Amino acid sequence: MKFTTTRPKISQFTYLDFNATTPPAEFLQTKVVEWLHQWGNPSSIHQAGRGPKTLLRESRQKIAKFLGTDSLEIIFTAGGSEANNRAIRGSFDYAKAHSNPRNEIIISSVEHPSLMKSAQSLVASGARLHILPVSREGQIDLKLYRSLLSEKTLLVSVMLANNETGTIFPVKEMAALAHEKGALFHSDCVQAMGKIEFDVKELGLDLASFAGHKFYAFKGVGVLFSARGTNLQTEIYGGGQERHRRGGTENLLAICSLAEMTAFKSEIFEQGQRVQKMRDYFEAEVLKQISEVSITANQNLRLPNTSSLVIPGVDGETLLMNLDMRGFGASTGAACSSGSPEPSPALLAMGLARYEAQSSLRVGLGWSTEESEVENFIENLAAVVEHLRSIKNLKSKIYSEARELHA
Ligand SMILES: Cc1ncc(COP(=O)(O)O)c(C=O)c1O
């Protein structure tokens, strides 16, 4: 099957924000019509429930195989945020309810808000939270990490790949160190899924989060991998779905869409290489054509599709609006913070100054991105930056002349 995605219906729109979400794969449009006939509740005993139950079971098996795990270790959620919340809060609440003396949690300083805020919320319930710094180059200080691990550590959570810079963290090594101290290890793999090849068992994870909409499937499905023997407190009570681990009727269409995408596992490496070539070309050209630009964490191991730039003298939001008017969709930092004048907390945590984080641009390429789109984008980005910088220079000239006049 050839991979294509639903192209946005807006003419001449180039989507370069694949870390925010991905357009669903085109073939899912016909598949969804088939699945709609299976409208019954998968939990029903009667005939209407049988087809949906089978679809759900088969989807779970496909997704488990894709992740390198077992069907029993998959819990469907509504998305990546819910999976993160459940992993962190569920393990802490279980430990507390069973009088486990471990109460310390270690996370990195660049985690997604759904993880960061979940961990912070537990401090009021008695958790001791350690936040591991990440350098501007995207590196975690493993010596400091080792020194924080102890017999009191309940859980460590470090993302496999960062959503803003694409930095890939040494999760396998960190999980092994956590296990030496008897702690659990969770990884937010939401951005890594479909962009790099990995296997949760090979990485040694106890818990991991995923979201379908970052991998060309529908929105509304996430996966929490919970290795056998990892105990979580149930946080959504309901009719016993997901083996009593997450109540609520399953979002079958979205689950099936993610299961279908697992058939593209063998394309991940090849697409990654193709996309990385375009990303590297983009960065080389931007450095050549736009003065003073820097690329965040480009010396580190990164996702092949992601580029995070700092473009001094340009306000990120203004840049985005201008690019949008020219038909390009990119982002400043995380999509969920768009519309907020606050700079990205993750970029600030990496040591970027406020003005640098406010001048940042995130470009995320995808499986349907074409070389001509990247070429076109570079040309337009250079033109917009020049335009915005010239307005800024003109403004400062006018202000300084006015000041001299009134001095
Ligand atoms: C690293 C990371 N984790 C979690 C999430 C949250 O996923 P969802 O939007 O499916 O709730 C995102 C979304 O951008 C993300 O990038």
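Right above here is the structure, for reference.
Remember, it's a predicted structure, so these values are computed and weren't measured experimentally. Along each chain, numbering runs from 1 in the same order as the chain's sequence is written. Thresholds applied to this predicted model are a pLDDT of at least 70 for local features of residues and 80 or more for the giving and counting of side-chain atom pairs; totals over whole chains, interfaces and linings are not thresholded and use all residues. With hydrogens and water stripped out, all remaining heavy atoms of the structure feed into the side-chain values.

A closer look at the sheet that holds strand β9 (residues 294–295)
The strands making up a sheet associate through hydrogen bonds between their backbones, and the pairing can be parallel or antiparallel. Any two strands with at least two DSSP-identified bridges between them are counted as paired. Under the DSSP-based scheme used, a helix requires at least four consecutive residues in state H or I and a strand at least two consecutive residues in state E, with every element numbered from the N terminus. Spatially, three strands are ordered β9-β10-β12 in an open sheet, and the strand pairing comes out antiparallel. Of all strands in the sheet, those bounded by a partner on one side alone are β9 and β12 (360–364). In the sheet, β9 pairs with strand β10 (residues 306–310) via two bridges, with the strands oriented antiparallel. Bridge pairing links Ile295 to Leu309 in β10. In the packing of helix α10 (residues 267–289) onto the sheet, the strands contacted are β9, β10 and β12, and the crossing angle to β10 comes to about 15°. The contact definition used throughout considers only heavy atoms, calling two residues in contact when any of these lie within 4.5 Å. A fitted line through C-alpha atoms represents every axis, and for helices the fit uses only the stretch in contact; the resulting angles, taken between N-to-C directions, go from 0 to 180 degrees.

Quick look at the sheet that holds strand β6 (residues 184–188)
Spatially, β2-β8-β7-β6-β5-β3-β4 is the arrangement adopted by the seven strands of the open sheet, whose pairing is mixed. The sheet is open, and its two edges are formed by β2 (74–77) and β4 (128–132), each paired on a single side. Recorded for the sheet is a direction-independent mean angle of 20° between the axes of neighbouring strands. Where helix α2 (residues 47–67) meets the sheet, its contacts fall on β2, β7 (207–211) and β8 (222–226), and the angle it forms with β2 comes to roughly 110°. Docked against the sheet, helix α6 (residues 171–180) engages β4, β5 (153–157) and β6, running at close to 155° with respect to β6.

Section: the packing of aromatic side chains
By convention, a stacked pair of Phe, Tyr or Trp rings (six-membered ring in the case of Trp) has centres within 6.5 Å and planes under 30 degrees apart, an edge-to-face pair has planes over 60 apart, and any other such pair is tilted. Per the stated rule, a full pass over the model turns up 10 aromatic pairs. Ring geometry for Phe282 against Phe377: centres 5.7 Å apart, planes inclined by 25°, an arrangement best described as stacked. Pair noted here: Phe282 is in helix α10 and Phe377 is in helix α14 (residues 371–406), with a separation of 95 residues, a long-range link. Clustering of aromatic rings is evident, with ring pairs tying together Tyr15, Phe18, Phe66, Phe215, Tyr216 and Trp367. Distance and angle both matter: a charge sits over a ring if NZ of Lys or CZ of Arg is within 6 Å of the ring centre and within 35 degrees of the ring normal. Residue placement shows Lys265 over the ring face of Phe66; its charged tip is 5.2 Å from the ring centre.

Description of the site of the ligand
One heavy atom suffices: a residue is near a molecule or strand as soon as one of its heavy atoms comes within 4 Å of it. In the region of the ligand, 14 residues are neighbours, and Gly80, Ser81, Asp188, Gln191 and Lys214 sit closest. The definition of a polar contact used here is a pair of N or O atoms within 3.5 Å, where within protein one atom must be able to donate a hydrogen and the other to accept one, and adjacent residues in sequence count solely through side-chain atom pairs. Here Gly80 contributes a backbone N or O atom positioned 2.9 Å from an oxygen atom of the ligand. Measuring from a nitrogen atom of the ligand, one finds a side-chain N or O atom of Asp188 at 2.6 Å. Per-residue and other accessible areas were derived by the Shrake-Rupley procedure at a 1.4 Å probe size, with only the shown protein chains allowed to occlude residues. Relative to its unbound accessible area of 390 Å², the ligand is 85% covered by the protein chains. The leading source of residues in the shell around the ligand is helix α3 (residues 80–97), at three residues. Polar here means any residue other than Ala, Val, Leu, Ile, Met, Phe, Trp, Tyr, Cys and Pro, which are nonpolar, and Asp, Glu, Lys and Arg, which are charged; Gly is therefore polar. For the shell around the ligand, a count of residues per class yields three nonpolar, nine polar and two charged.

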